[in-house]
Amino acid sequence: AVNNLDTVLSDTDWRVRVEAVRALASLGAAADKDASQAVQRLIAMAAREIDKFRAGNPIAAGRSTHVLLEIINAAIALPSGGERVLARLEEAGWNTPGRFADTVQGDVARVHCALAFAADVRGKTVRRVRTCGNATLLAWRRAELETRVLSRVGEDGVEPLLRFTVHKDPRVRAAAVTSL
């Protein structure tokens, strides 16, 4: 079934690529025999999207951001092999100064934080989301990500989430309530 998606994995429209990633995630999660093929294709897609970032075109990078964020979500959801996809994405050096053009730093921060979120969820800890991104990332986004990690990890119950319900930013409070 995974082979049938090959024609759309490099589609010119980012929306089609996003849906292809979602399909790969579903197929990879549903059957072990499809998981390794899905992982290989996700890694190849990630490499193509990273190349678009390196070109420095903010519109192309913005579109690739959608695809990369979905690839990260797929890697989290895959029962096996997702760590290989995340490792490939980490190799791009999202938080390395000078690695990407100034024109795409906002998108770079979003991808870096999504990878931090994935690492924290997989590691069952809140660590990387607290310092992810760059100067373009607003502080409330880190706090919102922290609430999302806490809701998935949940080892300490609701207490850690409750402190976010009185946060000064309503977006963080909303995320905390949603996570409860």
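Keep in mind that what you see is a predicted model, and the values were worked out from it rather than measured. (Residues numbered from 1 in each chain as written. Predicted model: local features only at pLDDT ≥ 70, side-chain atom pairs only at ≥ 80, totals over all residues. Heavy atoms only, no water.)

(A) Seen up close, the overall build of the chain. Counting its secondary structure elements, the chain contains eight helices and zero strands. Going residue by residue from the N terminus, the α and β elements of the chain occur as α-α-α-α-α-α-α-α. The C-alpha atoms of the chain give a radius of gyration of 17 Å, which matches the 16 Å a tight globule of 180 residues would have. Each principal axis of the C-alpha atoms in the chain carries an extent, and together these give about 50 × 40 × 25 Å. Residues classed as buried in the chain amount to 47% of the 180 residues present. Of all intrachain contacts in the chain linking residues separated by at least 6 positions in sequence, the fraction that spans at least 24 positions is 58%. Accessible surface, the chain as shown: approximately 9,000 Å² in total, 51% of it carbon and sulfur. Where the 26 positive side-chain charges of the chain centre and where its 21 negative ones centre are 3 Å apart. (Helix = DSSP H or I, 4+ residues; strand = E, 2+ residues; numbered from the N terminus. Rg over C-alpha atoms; globule rule 2.2 N^0.38 Å. Buried < 20%, exposed > 50% of the residue type's maximum accessible area, 1.4 Å probe, protein only. Contact = heavy atoms within 4.5 Å. Areas by Shrake-Rupley, 256 points an atom, 1.4 Å probe, with all protein chains shown as cover. Lys, Arg positive; Asp, Glu negative; His and termini not counted. Charge placed at Lys NZ, Arg CZ, Asp CG, Glu CD.)

(B) Main features of the pattern of salt bridges. This model, assessed by the stated rule, comprises 14 salt bridges. The shortest N-O distance in the salt bridge between R15 and D13 comes to 2.7 Å. Overlapping salt bridges bring together R17, E49 and K52 as one network. (Salt bridge = Lys/Arg side-chain N within 4 Å of Asp/Glu carboxyl O.)

(C) Focus on helix α2 (residues 32-54). With 23 residues, α2 extends 34 Å from end C-alpha to end C-alpha; this agrees with the ideal 33 Å at 1.5 Å per step. At its buried positions, α2 is contacted by α1 (14-30), α3 (58-77), α4 (82-90) and α5 (105-123). Just downstream of α2, G56 is the residue with a positive phi angle, here 85°. (Expected span 1.5 Å × (residues − 1).)

(D) Highlighting the side chain of R41. Mapped onto the elements of the fold, R41 is located in helix α2. Take R41: its relative accessible area is 15%, and that puts it in the buried class. Each residue touching R41, except ones within four places of it in the same chain, is listed here: V2, N3, D6, L9 and L24.

(E) Main features of unusual backbone geometry. Residue K124 is not a glycine yet carries a positive backbone phi of 55°. Position of K124 relative to the elements: it lies in the loop between α5 and α6 (139-153).

(F) Representation of the environment of A74 within the structure. Examined against the element boundaries, A74 turns out to sit in helix α3. Using a relative accessible area of 3% as the deciding quantity, one classes A74 as buried. Beyond its immediate chain neighbours, meaning those up to four positions away, A74 contacts V21, A25 and L42.

(G) Quick look at the packing of α6 against helix α8 (residues 170-179). Their axes nearest at 9 Å, the elements α6 and α8 cross at an angle of 5°. By the criterion of interaxial angle, the relationship of α6 to α8 is roughly parallel. For the pair α6 and α8, the contacting residues are W140, A143, E144, T147, R148 and S151 in the first and R171, V172, A175, A176 and S179 in the second. Class assignment of the residues belonging to the contact of α6 with α8 gives a composition of five nonpolar, three polar and three charged. (Axes fitted to C-alpha atoms, helices over the stretch in contact; angles between N-to-C directions. Parallel < 35°, antiparallel > 145°, perpendicular 65-115°, else oblique. Nonpolar A, V, L, I, M, F, W, Y, C, P; charged D, E, K, R; others polar.)

(H) View of the confidence of the model for the chain. Looking at the chain, the pLDDT average stands at 92 and 99% of residues meet or exceed 70. Averaged pLDDT values for the elements of the chain fall to 88 in helix α7 (residues 159-162) and rise to 96 in α4. (pLDDT = per-residue confidence, 0-100.)

(I) How the structure looks around the state of the cysteines. Scanning the model with the defined rule gives one disulfide in all. Disulfide pairing places C113 opposite C132 at an S-S distance of 2.0 Å. One quick way to see it: the torsion about the S-S bond of C113 and C132 is about 95°, and its sign makes the bridge right-handed. With C113 in helix α5 and C132 in the loop between α5 and α6, this residue pair connects regions lying 19 residues apart in the sequence. Accessibility expressed as a relative area gives 3% for C113, which makes it buried. (Disulfide = S-S within 2.5 Å.)

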